[in-house]
Amino acid sequence: MNILLTSAGRRNYLLPYFRNALRGRGRVLAADCSGYAAALQEADEAFVVPRVDASDYVAHLLQLSKSCEVGLILSLNDHELPILSAAKEQFAAQGVQVVVSRPDVIKLAADKLMTTRFLNEVGLGAPITYASLEETLVGLDSGDVVFPLVVKPRWGTASLGIELVDDRKQLRLAWDYGRLRLPRMGLSNGTSGAEGLLIQELLPGQEYGLDVVNDLNGRYRTTFAKRKLAMRGGETDRAVTENRPELIEMGRRIGEALGHVGNLDCDVFLHGDSCFVLELNPRFGGGYPFSAEAGADVPAALIAWAEGRDAPVGWDSLRNGVISAKCDRLVRIDERLLASLIVPVSH
C-alpha cells in the first residue's frame, strides 16, 4: 500500500511514522502546491500539485493516485478537508481510502461557533462564546463573563487573527480591526466581517492536547493526552505525556458523539475538577508527534484498518511522562521539484 500525504508542508516528522508503519510494504508519497515544501524533500516520492482551491485539484489527485497505486490518502490542511470529504466516494470508486470525516463533521469543526454549540449539546465544557460585540457587552454588564476576553476568527486556523483584550476599549478596537482584516487573511468564509468573528472567555487552567482516535468507520478507539509545556506559532512546541483519566473520558465522549474518522486533534483545558474543550481539528495535528514519541502508532492502526485487519497489538500503548520538544532544521530543496512547479490558479 502506497500512502499519500497531501498539503504536506512542514510536517516532515509524519513521514517516518508512516514509513515505519508500512514496514517496507509500500512507499510514503507527499504532495504540496509548492516545490519548496520541506516535507516533499524527504518523501519516497514527491509531487507538486495545484492549489486545493483549483478547479482541477481533485481530478489531479485522482490521476496521481491511479498512476502511483495509492491506497490511502491523508490531508494535513484544514482547508483541504471539506474538498476531500466531498470527493471521498470518487476516490473509493478507484480503490483509494481517504482518511477524512463526513462533510458535516468537517463543517462543525471548522466553525468555532458550531463547535461550542456541539460541545454544550453533548454536555462537555466549552468557553462562553458570543457571536457579536453587542452580545458580549450585555454579558459583561450582567457579569456572565469578565475580562480578559479573546477576539478570534469564527473559521480560524493556526491561531491566526487572535487578539487578547483586557478592557472595553481594547475589545471594540480588536472587533473593528478583526472585521477589516478577516477578508485579507482569507478567514471570512464568504461572510461579512462581523459574521466571521467570535468573542470567547479566556479559559483558565492547564492546557492539554488530545489525540482522539476513531477507526475508519467512525468508531471510538482510544485517546492520548499530553500536557503542553510551550507553544510556538499556534502549534505545540514542547509537551509531556500524562495519564489523566478525566481527559481520556472526555476524549471518549467526543469521539463517540462526533463520529469522526482517524485522528482528531483537540485543545482542552483542565482547571481543578473542570474540563473545557477549546477546539476540534479532524486531522493529524502538531501535537501528534508527542504521542508517537511515547509509543503511539496511529499510522499502523490506520493501515491495518484500511486492509481489513485488526490494529497491531500495542499501537495504543502510551508511556507516561515522556517529554519531547520540536526543533527547526534545514532540508535541501530538490531543484527538480521546482522545475515541476504548477502555477497557482489566480482569483
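Just above, that's the structure.
Here the structure is a predicted model, which means the values were calculated and not measured. Here the residue numbering is sequential within each chain, running from 1 through the sequence in written order. The predicted nature of this model means local features are confined to residues of pLDDT at least 70 and side-chain atom pairs, given and counted, to a pLDDT of 80 or more, with totals for whole chains, interfaces and linings taken over all residues. Computation of side-chain values: all heavy atoms of the structure, hydrogens and water removed.

A. Representation of helix α11 (residues 298-306) in the model. A simple rule labels every residue: compare its accessible area, found with a 1.4 Å probe on the protein chains alone, to the largest value its type can have, and call it buried under 20%, exposed over 50%, or partly exposed in between. The way it works is that DSSP assigns letters per residue, a run of H or I at least four long becomes a helix, a run of E at least two long becomes a strand, and they are numbered from the N terminus. Counting buried positions over the 9 residues of α11 gives 8, a clear majority of the element. Turning to α11, its buried residues are Val298, Pro299, Ala300, Ala301, Leu302, Ile303, Ala304 and Trp305. What qualifies as a polar contact is a pair of N or O atoms within 3.5 Å, subject to a donor-acceptor requirement within protein and to the restriction that residues adjacent in sequence count only when both atoms come from side chains. Where α11 starts, the residue carrying a side-chain oxygen 3.2 Å from the main-chain nitrogen of alanine 300 turns out to be aspartate 297. Glycine 308 sits one or two residues past α11 and shows a positive phi near 80°.

B. Focus on the side chain of asparagine 281. Summarising the element assignment, asparagine 281 is placed in strand β14 (residues 274-281). Contacts are residue-level and defined by heavy atoms, with any inter-residue pair within 4.5 Å sufficient. When sequence neighbours within four positions are dropped, the list of residues in contact with asparagine 281 reads Asp78, Lys112, Asn263, Leu264, Asp265 and Asp267.

C. Main features of the packing of helix α1 (residues 14-22) against α11. In contact at an axis separation of 8 Å, α1 and α11 are set at 50° when each is read in the N-to-C sense. Classified by the angle their axes make, α1 and α11 are oblique. In this structure, α1 meets α11 at a crossing whose hand is right-handed. Here α1 contributes Tyr17, Phe18, Ala21 and Leu22 to the contact with α11, which in turn contributes Pro299, Ala300 and Ile303. Under the grouping applied here, Gly and all other residues not named as nonpolar or charged are polar, the nonpolar ones being Ala, Val, Leu, Ile, Met, Phe, Trp, Tyr, Cys and Pro and the charged ones Asp, Glu, Lys and Arg. The class makeup of the residues in the contact of α1 with α11 is 7 nonpolar, no polar and no charged. Note on geometry: axes are C-alpha line fits, over the in-contact stretch for helices, and angles between N-to-C directions span 0 to 180 degrees. The labels follow the angle: roughly parallel below 35 degrees, roughly antiparallel above 145, roughly perpendicular from 65 to 115, and oblique for the rest. By convention the crossing between two helices is left-handed if the near helix lies anticlockwise of the far one by an angle smaller than a right angle, and right-handed if it lies clockwise.

D. Just the layout of surface pockets, in detail. Both cavities and pockets are sets of points on a 1 Å grid over the protein atoms alone; in a cavity a 1.4 Å probe fits but cannot get out, in a pocket the set is open with protein on both sides within 12 Å along at least five of seven lines, and lining residues sit with an atom within 4 Å of a point. Grid points are joined across faces, edges and corners, and a volume is the space filled by probe spheres set on the points. Empty space within the second largest pocket amounts to approximately 360 Å³. What lines the second largest pocket is a set of 21 residues, and nearest its centre among them are Asp78, His79, Pro82, Ala110 and Trp155. Per element, the largest residue contribution to the lining of the second largest pocket is 4 residues, and it comes from helix α5 (residues 103-110). Residues that form the lining of the second largest pocket fall into these classes: 11 nonpolar, 6 polar and 4 charged.

E. Looking closely at α5. Inspection of α5 places Val105, Ile106, Leu108 and Ala109 among the buried residues, and these make up the whole buried set. Projected onto a plane normal to the axis of α5, the buried residues spread over an arc of 165° and lie on a single side. In this structure, α5 carries Pro103 and Lys107 as exposed residues pointing more than 90 degrees from its buried face. For this quantity, the arc is that covered by the directions from the helix axis to the C-beta atoms.

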